[in-house]
Amino acid sequence: MKMFRIIAAGLAALGLSATASALEGDAHAPHAHHWHHAGPFGTFDRHAVQRGLQVYQEVCASCHSLNLLSFRNLGERGGPLEDERWPNANDNLIVMQIAESYGERVWDRDEINDDGDPVSRLGIPADRFPAPFENEQIARGSNGGALPPDLSLIVKARSHGADYIYALLTGYEDAPHDAHLAPGQHYNAYFPGGAIAMAPPLSDGLLEYADGTEATLEQMAEDVTVFLAWASDPHMEARKQMGWMVLIYLFIFAILTYLAYRQVWANVKH
Amino acid sequence: MSGHSTYEPKTGFTRWLDSRLPIVRLGWDSFVDFPTPRNLNYWWTFGGILAVFLMIQIITGIILAMHYVPHEAMAFESVERIRRDVNFGWMIQSMHANGAAFFFVAVYLHMFRGLYYGSYKAPREILWILGVVIYLLMMATAFMGYVLPWGQMSYWGAMVITNLIGALPFVGDAIREWLWGGFSVGQTTLNRFFSLHYLLPFIIAGVVGLHIWALHVPGNGNPLGIEVKDTKKDALPFHPYYTVKDGFAIIVYLMIFAIFVFFMPNVLGHADNFIEANPLSTPAHIVPEWYFLPFYAILRAITFDIGPIDAKLGGVLAMFGAIAILFVLPWLDTSKVRSMRFRPLTRWFFIFFVLAALGLGWCGAKNPDDYVLGMEGFKFLYLAQFLTLYYFAYFIVILPVLGIVEKPKERPASIEAAVLGNA
Amino acid sequence: MTEENGAPGVDGQEPSRRDFIYIAAGGAAAVGGGLVAWPFIDQMNPAADTLALGSIRVDVSPVLQGSEITVMWRGAPVFIRHRTEEEIAAARAVELSALPDEDARNDNLPAGTPGFDANRVLRPEYLIVKGNCTHLGCVPLGLNANTGDYDGWYCPCHGSHYDTSARIRRGPAPENLPVPDYFFETETVVKLGLSPEEASAAGWTVSENDGAVA
């Protein structure tokens, strides 16, 4: 009983943190969407991540960078293109094709050739996903002063994570009469303040999925959200697997130690 | 309690070592054959838990320091590199970030144990004061550590708290600029915070050594608050009785820790810290980590001038005062009785104190102008002000008065008598 | 462990049952300690991004016959020389017994393979060797500066001379310049870091056989 009170007290202290994730202004709270990767047993729906990659490349990448991800991440453990034929993701032929599909370009400004110019070459798996704009100023200039945020961590960088991203992408609607929108702004109740610079990026049939799935707005929104959830947390599956092993081990260890404790204290008045 | 040593080196080597550096004897006397009251409950296991978590933080921290780059252009990305590319980096980083939180949960439970059972009372005043020093060092360490990932909360939390120093009259601005090493939080600040964040835990370890030494002079307190009279009847050797009990408590605590590390690694943090620091854009709600929230609430509760002291300075003084008052607690509590088991009236005020501390934490997370549970007119600010008043009143008024006024319950003659009574 | 202060009496307890639980708990602690230790040790191994640059691609088509380039690979220089017919012939005319180091020092081949020039190249016209002198690590000079007495490389630090197959001929260096793992991805693109066997195993199309000669 005492132990329970101790644990409850501790958890109450930790529970404060739930309220510390501050309110997101006046925004609508997003609905809880069902995600395959949610919960202690959740794994990423690999096909959804693959489709989401396609959505990112064909729709989002024109404005949003993915600076922290390299092509090889797609082929690493837990990635959408993981393949047992290539345990080393840098040898993964499909990953290499994706890297090369961006054509010859400057991948690393610090790679200088003998003429003193940055080297222009085909991509390799080790290269990062290229950014659409060279720097923040050019990005803002091309987007009416607004900066399209980098998407590498977007699911972790927003309260309600994947639910928020999905709600945002599917939540565009006509502005209410009392909404003040500056030119170039759009109404989205899920965005703090309601006025977002991004035009609705998705619409039914916008692209053709490689696996033939029907590309409705909701489908693309869901797939790209799952892709971004993976991008924010590529080790999630390994983390949960290890978590179960650790908990099972500690549980057994706890039982053994408890029995040892009872044994030690068996004949002692306390 | 520090009586005659019972260590007898048996081999030639151990005798030789013992005559030159009696370190094994010290270990034996402190952690094997140390007489420990036989009636300790699980509230006494948090010391051991804290030692384990100090070790976890130091080990994971040293490893993170092998990969982290303390430069404003590279810090955020180096932490992401740890999470993504370093072998098991995601696990070590999660252990370190959540380890800090669990370190504070344990220290709060440890301190509340001390408040309830009178562990701070004579002859353990220095033990208590050393504990408050450790607590302060922990807070400084955690504050600087949180800046290192250089996210939005890292940067802006640092700006807010270091700006508070500017509230001090005359010397405030100079000290603030000295802390920053510049005109705002920046590269210089980040670099020195990294250096000090690495240093302070070792100072904590040193003070923990003093803390245990100060404990071992009188020996442990116990739930009855009665001193050990006969070590054979009232006490047991620390090993194996309390090594195994502490071991069990540590494992249970580690299980809860593992749930957060592996299944909810970010729930105690703030989403904004996954956005790289931007000096041009302040987040909508700047909130410190949860373990600072009660003090944050006290800071924001002072919204009025008190004579020559303006509200901002008043808030700073109240915040530091809330910690400083802990140093003099042994002399504020006038009761001759240690344990609140025998102080039924004071116990109620203690429970309210715990609720006030939790309530202040809740207020710290909220916008002061928001209404509590939607009740019109009842702002979080007012709740924070009421609870702050209670916090200080508990130490300055309630404990001194109740110690004199309350008639305590009858205490058992000895620990043994109480324990035999229980059997 | 002292038996005093009300410690459990030995009499009345079956020692085997008492000891079992302590051994089990202690054993679990030891196992756990070992399992926990591994991630903390492994984190010091090269991280994924370091490993990703463990192999690089080099286009050798700009290297004209009779010239050489130096590329950086795994933090160290690699010489790629497009040899002339004379250089190849000179390398092949050398008797094995004339070499201070008779081993081919080729990572693509087993240790102890004789140091014939044919065992040092996949294609005779491209000699690819690591560019640190085997004496104390200086970078030897080559075609662009000083080829030494054997027309290969000359190390200015302590006077080691390498021939047109980058084998040590005179001087304090103990070993031939080592040949790294590599294979030809296409006619003109070399991939440094994978041997032909490793490449085939990983699903690469290898453009050339390993050319080993007994």
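A quick note: this is a predicted structure, and the numbers were derived from the prediction, not measured. (Residues numbered from 1 in each chain as written. Chains lettered and ligands numbered in written order. Predicted model: local features only at pLDDT ≥ 70, side-chain atom pairs only at ≥ 80, totals over all residues. Heavy atoms only, no water.)

## Looking at the overall build of chain B
Okay, step 1: Each helix and strand counted, chain B has 17 helices and two strands in total.
Okay, step 2: Computed over the C-alpha atoms, the radius of gyration of chain B is 24 Å, within 12% of the 22 Å expected from 2.2 N^0.38 for a compact globule of 423 residues.
Okay, step 3: With respect to the three principal axes, the spread of C-alpha positions in chain B is 65 × 60 × 45 Å.
Okay, step 4: Long-range contacts, defined as pairs at least 24 residues apart, comprise 78% of the intrachain contacts of chain B with a sequence gap of at least 6.
Okay, step 5: Summed over its atoms, the accessible surface of chain B is roughly 18,200 Å², and 71% of this surface lies on carbon and sulfur atoms.
Okay, step 6: On chain B, the mean spot of the 29 positive side-chain charges and the mean spot of the 27 negative ones are 10 Å from each other. (Helix = DSSP H or I, 4+ residues; strand = E, 2+ residues; numbered from the N terminus. Rg over C-alpha atoms; globule rule 2.2 N^0.38 Å. Contact = heavy atoms within 4.5 Å. Areas by Shrake-Rupley, 256 points an atom, 1.4 Å probe, with all protein chains shown as cover. Lys, Arg positive; Asp, Glu negative; His and termini not counted. Charge placed at Lys NZ, Arg CZ, Asp CG, Glu CD.)

## Some thoughts on the overall build of chain A
Okay, step 1: The helix and strand inventory of chain A stands at eight helices and four strands.
Okay, step 2: Listing every helix and strand of chain A by position from the N terminus yields α-α-α-α-β-β-α-α-β-β-α-α.
Okay, step 3: Relative to the 2.2 N^0.38 estimate, which gives 18 Å for 270 residues, the radius of gyration of chain A is 24 Å and therefore markedly larger than a compact globule would have.
Okay, step 4: With the C-alpha coordinates of chain A rotated into their principal frame, the extents come out at 80 × 60 × 40 Å.
Okay, step 5: Expressed as a percentage of the 270 residues in chain A, the buried residues total 45%.
Okay, step 6: Look at the contacts in chain A between residues 6 or more apart in sequence, and 61% of them connect residues 24 or more apart.
Okay, step 7: By element, 55% of the accessible surface of chain A is carried by carbon and sulfur atoms, the whole surface being about 13,700 Å².
Okay, step 8: Distance between charge centroids for chain A: 17 Å, based on 18 positive and 34 negative side chains. (Buried < 20%, exposed > 50% of the residue type's maximum accessible area, 1.4 Å probe, protein only.)

## Brief notes about the interface of chain A and chain B
Okay, step 1: The partner chain B presents 60 residues to the 53 residues of chain A that form the contact.
Okay, step 2: Between D85 of chain B and R72 of chain A there is a salt bridge, with the nearest N and O atoms lying 3.0 Å from each other.
Okay, step 3: Applying the counting criterion to the chain A and chain B interface returns eight residue pairs in polar contact (both at pLDDT 80 or more).
Okay, step 4: Of all the secondary structure elements, the ones that give two or more residues to the side of chain A that touches chain B are helix 1 (2-20), helix 3 (72-75), helix 7 (217-232) and helix 8 (236-264) of chain A. (Salt bridge = Lys/Arg side-chain N within 4 Å of Asp/Glu carboxyl O. Polar contact = N/O pair within 3.5 Å; in protein donor to acceptor, adjacent residues only side chain to side chain.)

## Observations concerning the domain arrangement of chain A
Residue and element names in this part refer to chain A.
Okay, step 1: Taken domain by domain, chain A consists of domain 1 (27-69 + 128-234) and domain 2 (235-270).
Okay, step 2: With 10 residues of domain 1 at the interface, the matching set in domain 2 holds six residues.
Okay, step 3: Summed over both partners, the interface of domain 1 with domain 2 buries about 700 Å², with 51% contributed by carbon and sulfur atoms.
Okay, step 4: Among the residues of domain 1 in contact with domain 2, P40, D233 and P234 are the three that bury the most area, contributing 50% of the side total.
Okay, step 5: Counting the contacts that link domain 1 with domain 2 gives one salt bridge.
Okay, step 6: A salt bridge links R239 to D233, with the nearest nitrogen and oxygen atoms 2.6 Å apart.
Okay, step 7: On inspection of domain 1 and its partner domain 2, the count reaches nine residue pairs in polar contact (both at pLDDT 80 or more).
Okay, step 8: Across the side of domain 1 that touches domain 2, the residue classes break down as five nonpolar, four polar and one charged. (Domains from an automatic or database assignment. Buried area = accessible area lost by both parts, 1.4 Å probe. Nonpolar A, V, L, I, M, F, W, Y, C, P; charged D, E, K, R; others polar.)

## Digging into helix 12 (residues 293-301) of chain B
Okay, step 1: Counted residue by residue, helix 12 of chain B has eight buried out of nine residues, so it is predominantly covered.
Okay, step 2: Among all positions of helix 12 of chain B, only L293, P294, F295, Y296, A297, I298, L299 and A301 of chain B are buried.

## Regarding the packing of aromatic side chains
Okay, step 1: Evaluated as defined, the whole model comprises 60 aromatic pairs over all chains.
Okay, step 2: Measuring from centroid to centroid gives 5.9 Å for W35 of chain A and Y166 of chain A, while their planes differ by 85 degrees, and the two rings are edge-to-face. Placement of W35 of chain A in the loop between helix 1 and helix 2 (46-58) and of Y166 of chain A in helix 6 (residues 161-170) is noted, with a sequence separation of 131 residues between them.
Okay, step 3: Taking relative accessible area as the criterion, Y166 of chain A reaches 14% and is therefore assigned buried.
Okay, step 4: Seen from their ring centres, F46 of chain B and Y253 of chain B are 6.3 Å apart, and the 85 degrees between their planes marks the pair as edge-to-face. A residue pair is termed long-range when its members are at least 10 positions apart, and F46 of chain B in helix 3 (residues 46-65) and Y253 of chain B in helix 11 (residues 238-263) qualify at 207 residues. For the pair F46 of chain B and Y253 of chain B, one class covers both residues: buried.
Okay, step 5: Through pairs of rings, three or more aromatic residues link up here, namely W44, F112, Y116, Y117, F350, F353, Y390, Y391, F392, Y394 and F395 of chain B.
Okay, step 6: Its guanidinium or amino end placed over the ring of W107 of chain A, R105 of chain A lies 5.5 Å from that ring's centre, counting from NZ or CZ. (Phe/Tyr/Trp six-rings, centres within 6.5 Å; stacked < 30°, edge-to-face > 60°. Lys NZ or Arg CZ within 6 Å of the ring centre and 35° of its normal.)

## Observations concerning the side chain of D42 of chain C
Okay, step 1: Secondary-structure assignment places D42 of chain C in helix 1 (residues 15-42).
Okay, step 2: No salt bridge is formed by the buried D42 of chain C. Its closest oppositely charged neighbour is R77 of chain A, at 9.7 Å.
Okay, step 3: A distance of 2.8 Å separates the side chain of D42 of chain C from the side chain of N45 of chain C, its partner in a polar contact.
Okay, step 4: In contact with D42 of chain C, other than residues within four places in its own chain, are N87 and F88 of chain B.

## As for the environment of P192 of chain A
Okay, step 1: Mapped onto the fold, P192 of chain A is located in the loop between strand 3 (186-187) and strand 4 (195-196).
Okay, step 2: Remark: the alpha-carbon pair of P192 of chain A and A27 of chain A, spanning 165 residues in sequence, is separated by 4.7 Å.

## Brief notes about the packing of helix 7 (residues 152-165) of chain B against helix 8 (residues 172-180) of chain B
Residue and element names in this part refer to chain B.
Okay, step 1: Put simply, helix 7 and helix 8 touch, their axes get as near as 7 Å, and they point 140 degrees apart. For the pair helix 7 and helix 8, contact is made by M159, T162, N163 and I165 and by G172, I175, R176, L179 and W180, respectively.
Okay, step 2: Partitioning the contact of helix 7 with helix 8 into residue classes produces five nonpolar, three polar and one charged. (Axes fitted to C-alpha atoms, helices over the stretch in contact; angles between N-to-C directions.)

## Points about the confidence of the model for chain A
Where the model shows low pLDDT, its predicted coordinates should not be examined in detail.
Residues and elements named next belong to chain A.
Okay, step 1: Per-residue pLDDT for chain A averages 90, and the proportion of residues at 70 or more is 90%.
Okay, step 2: Helix 7 holds the highest mean pLDDT among the elements of chain A, 98, whereas helix 1 holds the lowest, 50.
Okay, step 3: Below a pLDDT of 50 lies the segment residues 15-25, which in the model reaches 22 contacts outside its immediate sequence neighbourhood of four places, other chains included. (pLDDT = per-residue confidence, 0-100.)

## Re the pattern of salt bridges
Residue and element names in this part refer to chain A.
Okay, step 1: For the structure shown, the criterion picks out 36 salt bridges over all chains.
Okay, step 2: With a shortest N-O distance of 2.8 Å, R51 and D223 are connected by a salt bridge. Within this pair, whereas R51 is found in helix 2, its partner D223 is found in helix 7, the two being separated by 172 residues in sequence.
Okay, step 3: In this structure, R121 engages E111 in a salt bridge whose closest nitrogen and oxygen atoms are separated by 3.0 Å. Of this pair, R121 sits in strand 2 (residues 120-121) while E111 sits in the loop between strand 1 (105-106) and strand 2, and the two are 10 residues apart along the sequence.

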